[in-house]
Amino acid sequence: MNSQNVLDYANNNTIFMVWNLKKDVSLNDSFKKLCSLLINLNNSANTRFPDCKASVVMGIGYEAWLWLNLSKPLPKELVSFEPIAGSKHTAVATSGDLHFHIRSKEFSFCIDTAAAISAVLSGIGESIEEIHGFRYWDSRSILGFVDGTENPHGSDREFFGIIGDEDSLYKGGSYLFVQKYLHDLNAWKSLPVEEQEKVIGRSKADDIEMSDDEKPSNSHSALANVGDDLKIVRDNMPFGSMSTNEMGTYFIAYASTFTTIQKMLTNMFVGSPIGNYDRILDFSTAKTGTLFFVPTFDMLDQFAE
């Protein structure tokens, strides 16, 4: 299998783009060109910037997969994401046909790559989201806590991030789920650090997880972690504008199975038990929510023919 770079670690600079395809134009030639471009951009990055860990990953949504008449049967868990509603907060569902995850130590690569992709899509699609993410200190969210501590590493990273023999037609692919969260920083900063730590379930300064005895059952780490046998590969990045207090986190997860992500979201928004929702949602609002499938490079090559 020749997977796209879904197992790479979060980089210093990232651009996330979501595009919707037009339904009244011919897509075939442009989509073929796009698939070839994705392969070339990654090959070029490896040659030109070997030390920058530069790459771009493309995901394809359920509706787009059907509209483009791609391989059938579809990946087993590729569906149109449905909202997950709790008593107070909702994981909203929003549209998205194509998702691009561009990352590099050098921001110039991100800009040029986003421009090249946009040039191909400008006639057949509409950009509905573009987020410029940045590394904040030692991989912290803008809330001040280290993000992604529970990420798998080594061989576990591939096991949880890449589809295996359970879906042999799409072995090497990955499910990609994204959400754009906006934070109420004024409300968050009004909490004493000790209270913030109870919301997250970890110490703020040194990222040490609370013991089970002291960790609140509605803390983020208690509800977002659904077990050592059910993990995802997170590449979250902070973004936004300090002057307007519009700061957020772009949650992005790659997984071998979408059901793991669904379980995590249900725990967070509905609660475990029901009603015991993730308290971080009182300060963080999900504005988007979309599922994509990430084909292998070999599949992209087939699409390009």
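Along each chain, numbering runs from 1 in the same order as the chain's sequence is written. Reporting of local features is limited, given that this is a predicted model, to residues whose pLDDT is at least 70; pairs of side-chain atoms are given and counted only at 80 or more, and all residues count toward the totals for whole chains, interfaces and linings. To get the side-chain values, all heavy atoms of the structure are used, and hydrogens and water are removed first.

### What to know about the overall build of the protein chain
Reasoning step 1: Summing up its helical and strand segments, the protein chain has nine helices and twelve strands in all.
Reasoning step 2: Values of the radius of gyration come from C-alpha atoms, whereas the globule rule sets the reference at 2.2 Å times the count of residues to the power 0.38. Computed over its C-alpha atoms, the radius of gyration of the protein chain comes to 19 Å, within 12% of the 19 Å expected for a compact globule of 305 residues.
Reasoning step 3: Its C-alpha atoms put the protein chain at 55 × 40 × 40 Å along the principal axes.
Reasoning step 4: Within the span of the protein chain, comprising 305 residues, buried residues form 53% of the whole.
Reasoning step 5: Contacts between residues were defined by any pair of non-hydrogen atoms, one from each residue, lying within 4.5 Å. Excluding contacts between residues fewer than 6 apart, the proportion of contacts in the protein chain whose partners are at least 24 apart in sequence is 79%.
Reasoning step 6: His is not counted, nor are the chain ends; Lys and Arg add positive charge and Asp and Glu add negative charge. Charge positions come from single atoms, namely NZ of Lys, CZ of Arg, CG of Asp or CD of Glu. Each charge class in the protein chain can be summarised by its mean position, and for the 26 positive and 40 negative side chains these summaries are 3 Å apart. Here a strand is any run of E in DSSP of at least two residues, a helix any run of H or I of at least four, and the numbering for each starts at the N terminus. A 1.4 Å probe rolled over the protein chains alone gives each residue an accessible area, and that area as a share of the maximum for its type sets the label: buried under 20%, exposed over 50%, partly exposed in between.

### Observations regarding the pairing of strand β1 (residues 13–21)
Reasoning step 1: Most of β1 sits out of view: nine of its nine residues are buried.
Reasoning step 2: On β1, burial covers both faces: Asn-13, Ile-15, Met-17, Trp-19 and Leu-21 on one face and Thr-14, Phe-16, Val-18 and Asn-20 on the other are all buried.
Reasoning step 3: Should DSSP find at least two bridges between two strands, the strands are regarded as paired. Here β1 runs beside strand β5 (residues 98–104); their pairing, made up of seven bridges, is antiparallel. Residue pairing in the sheet places Ile-15 in a bridge with Ile-102 of β5.

### Overview of the pattern of salt bridges
Reasoning step 1: Put simply, a salt bridge is a Lys or Arg side-chain nitrogen that is within 4 Å of an Asp or Glu carboxyl oxygen. Under the defined criterion, the tally for this structure stands at 14 salt bridges.
Reasoning step 2: As a salt-bridge pair, Asp-165 and Lys-171 come within 2.8 Å of each other at their nearest N and O atoms.
Reasoning step 3: With relative accessibility at 61%, the residue Asp-165 sits in the exposed group.
Reasoning step 4: A salt bridge links Asp-228 to Lys-231, with the nearest nitrogen and oxygen atoms 4.0 Å apart.
Reasoning step 5: According to the relative accessible area criterion, Asp-228 is exposed, its value standing at 59%.
Reasoning step 6: On the basis of relative accessible area, Lys-231 is assigned to the buried category, the value being 15%.
Reasoning step 7: When salt bridges with common partners are traced through the structure, they connect Glu-150, Arg-202, Asp-207, Glu-209, Lys-215, Asp-228 and Lys-231 into a single cluster.

### A look at the environment of Lys-263
Reasoning step 1: With respect to the secondary-structure elements, Lys-263 resides in helix α8 (residues 258–269).
Reasoning step 2: Judged by relative accessible area, Lys-263 falls into the partly exposed class, the value being 39%.
Reasoning step 3: Separated by 133 residues in the primary sequence, Lys-263 and Glu-130 have C-alpha atoms spaced 27 Å apart.
Reasoning step 4: With residues near it in sequence (within four places) discarded, Lys-263 still touches Val-226 and Leu-230.

### Details of the state of the cysteines
Reasoning step 1: We call a pair of cysteine sulfur atoms a disulfide whenever their separation is within 2.5 Å. The tally for this structure, following the rule as stated, stands at zero disulfides.
Reasoning step 2: Cysteine Cys-110 is unpaired, with the sulfur of Cys-52 as its nearest cysteine sulfur at 9.6 Å.

### Digging into α8
Reasoning step 1: What a helix should span is 1.5 Å times the count of its residues minus one. Helix length check: α8, at twelve residues, gives a terminal C-alpha distance of 16 Å against a target of 16 Å (1.5 Å per residue), a fit within 8%.
Reasoning step 2: Among the residues making up α8, those that are buried are Phe-258, Thr-260, Ile-261, Met-264, Leu-265, Asn-267, Met-268 and Phe-269.

### A word on the packing of helix α1 (residues 28–48) against helix α3 (residues 107–121)
Reasoning step 1: Contact geometry of α1 with α3 gives a least axis separation of 9 Å together with a crossing angle of 165 degrees. In terms of axis orientation, α1 runs roughly antiparallel to α3. The crossing of α1 and α3 is right-handed. Within the contact between the two elements, α1 uses Ser-30, Lys-33, Leu-34, Leu-37, Leu-41 and Ala-45 and α3 uses Phe-109, Thr-113, Ala-116, Ile-117, Val-120 and Leu-121.
Reasoning step 2: Residues are grouped as follows: Ala, Val, Leu, Ile, Met, Phe, Trp, Tyr, Cys and Pro are nonpolar; Asp, Glu, Lys and Arg are charged; every other residue, Gly included, is polar. Counted by class, the contact of α1 with α3 contains nine nonpolar, two polar and one charged residues. Orientation is described by lines fitted to C-alpha atoms, with helices fitted over the stretch in contact, and by angles between N-to-C directions that extend from 0 to 180 degrees. Comment on the angle field: the value is read as roughly parallel under 35 degrees, roughly antiparallel over 145, roughly perpendicular from 65 to 115, and oblique elsewhere. For a crossing to be left-handed, the near helix must be turned anticlockwise from the far one by less than a right angle; the clockwise case is right-handed.

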